[in-house]
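One-letter residues, chain by chain:
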Amino acid sequence: MHLQKRLVEAARFIENNSPIKPRLGIVLGSGLGSYVDHVKNTVSIPYDQIPNFLAPSVEGHEGRLVLGTVTNPKSPNSPAVPVAILQGRLHLYEGHSMDQVAFPTRTLCMLGIDTLLLTNAAGGINPSFREADLMLINDHINLMGDNPLRGPNLKELGPRFPDLTEAYNKECQEVLRQAAARVNVTLREGVYVALSGPTYETPAEVRMLRAMGADAVGMSTVPETIAANHLGVRVAAISCITNLAAGITSQKLTHAEVMTNAGRAVTKLLSLLDEAIPALPHVQVQKSGDKP
Ligand code: HPA
C-alpha cells in the first residue's frame, strides 16, 4: 500500500483511540523507556494493535505508543505539553527497511507534532566522554548506507532534496543546554554517527569515526531525524553514552553493559527531560485547550 495511505490509516487509528492531540513526539531508546512514568492522563497502545506498525524485537525496547500530558513537576500549574511517546524503536539491523524504521516517527508527524525529541544509547568516541554521560546531538553523520527518503519522493510529505543544515533545531538545543544547567546535569555536546550494526565497531573503525569528526556512535536516530526534517518537524536529540566505543578502552562490549549504563544515565536523563520539555518552544497547550 502507498506510504501516505498507510500513514493516514495508522494516524486515524491513534486519533480514534486517544483524546490527546500531541504537540511533541518523543522516542525513548534502549533502556530509557521509564520516562513514560512521568506522563499523566496516559493512553497506551501496543504497536501490534496499530495498523501498519511492526513490533520491535530488541531487549529493552517495549513496543508501545504512549499518549499523555507532561508538566514540569516543580510547577504543576504551568501549561501542559501533550506528548506522543514511542517507547521502543525499530532498527535497520533487525532486518527492517528504512521505510519501516521511519514509519512510527512519520506517524507521529502526521498526528500534528511540532517537535520530535529523540533519545538513544550510544558509544562514546570523544576521549573526554565518560560512561553514563549525556550528549546533546548537534549534528550527525549518516553511515547507515541508506536513507529513508530513497525512492520516489512524496511531495505531499516534503521536498525531494531536503536541507539538513540545521537537522537538530538550534532553539531546542539552547533550551536543552539551559535546562541541563538549571538541574545541574553535565550535558556534553557533539556529532552522532550512525552505522547499521548490529556488530559494535572494530577499534580501527572507531579511529576512523573519530578522525571524521564523530563524538558518539550508534545504530539509530538518523532515520527518524531525516524523516522528521523532511516533514518539516523540528528535531532535538540526546545520546546516553552507555559505554566507551571499542578500542577507547580495552574492555569488550556487551548489550548487558549498555543496558546497565543506560540505567545509570537514565536518572540524569529524566531530570533533564522534566525540566526541558515544558520549556521547549511551541509545544505547550494553555489550560483553555488553545494552542499558544
Ligand atoms: N556502538 C554502536 N552502538 C552503540 C554503542 C556502541 O558502542 N553503544 C550503544 N549503542
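Residues numbered from 1 in each chain as written. Predicted model: local features only at pLDDT ≥ 70, side-chain atom pairs only at ≥ 80, totals over all residues. Heavy atoms only, no water.

Okay, empty space enclosed by the protein next. Tallied over the full model, the rule gives two cavities of 30 Å³ or more. One number sums up the size of the largest cavity: a volume of about 60 Å³. Lining the largest cavity are Val-27, Tyr-47, Leu-86, Gly-88, Arg-89, Leu-90, Val-101, Pro-104, Thr-105 and Glu-224. Of the residues forming the lining of the largest cavity, the biggest block, three residues, is contributed by helix α2 (residues 98-110). The class makeup of the residues in the lining of the largest cavity is six nonpolar, two polar and two charged. Around the second largest cavity, the lining residues are Ile-14, Glu-15, Ile-20, Lys-21, Pro-22, Leu-67 and Leu-111. (1 Å grid on protein atoms, 1.4 Å probe; cavity = no way out; pocket = protein on both sides within 12 Å on 5 of 7 lines; lining within 4 Å. Points joined across faces, edges and corners; volume = space filled by probe spheres on them. Helix = DSSP H or I, 4+ residues; strand = E, 2+ residues; numbered from the N terminus. Nonpolar A, V, L, I, M, F, W, Y, C, P; charged D, E, K, R; others polar.)

This paragraph deals with the environment of Asp-215. Its place among the elements puts Asp-215 in the loop between α4 (203-212) and β8 (216-218). When residues no more than four places from it in sequence are discounted, the contact partners of Asp-215 are Gly-123, Gly-124, Ile-125, Asn-126, Phe-129, Met-135, Glu-189, Gly-190 and Val-191. (Contact = heavy atoms within 4.5 Å.)

In summary, soluble globular proteins display a tendency toward joint burial of nonpolar side chains. Counting residues in each nonpolar core, the largest one holds 47 residues, and the members touching the most others are Leu-65, Leu-108 and Leu-116. For Leu-116, the contacting residues outside a window of four places in its chain are Leu-24, Gly-25, Ile-26, Val-27, Thr-105, Leu-108, Glu-224, Ala-228, Val-233, Arg-234, Val-235 and Ala-236. In terms of nonpolar packing, the next biggest core, distinct from the first, is built from 38 residues, Leu-136, Cys-172, Ala-180 and Cys-240 among them. (Core = buried A, V, L, I, M, F, W, Y, C linked by side-chain atoms within 4.5 Å. Buried < 20%, exposed > 50% of the residue type's maximum accessible area, 1.4 Å probe, protein only.)

Moving on: the environment of Val-70. Tracing the chain through its elements places Val-70 in strand β3 (residues 64-70). Between the C-alpha atom of Val-70 and that of Leu-273, which follows or precedes it by 203 residues, the distance is 10.0 Å. Not counting chain neighbours up to four residues away, the residues in contact with Val-70 comprise Tyr-35, Val-39, Pro-79, Ala-80, Val-81, Val-83 and Ile-277.

What follows concerns the pairing of strand β1 (residues 24-28). The element β1 is largely enclosed, with a buried count of five among its five residues. Burial along β1 is two-sided: the face carrying Leu-24, Ile-26 and Leu-28 and the face carrying Gly-25 and Val-27 are both buried. Sheet topology places β1 next to strand β4 (residues 81-87); five bridges connect them, and they run parallel. Residue pairing across strands places Gly-25 opposite Ala-84, the latter belonging to β4. Here four bridges tie β1 to strand β5 (residues 115-124), and the two strands are oriented parallel to one another. Within β5, the position partnered with Val-27 by the bridge is Leu-118. (Pairing = 2+ DSSP bridges.)

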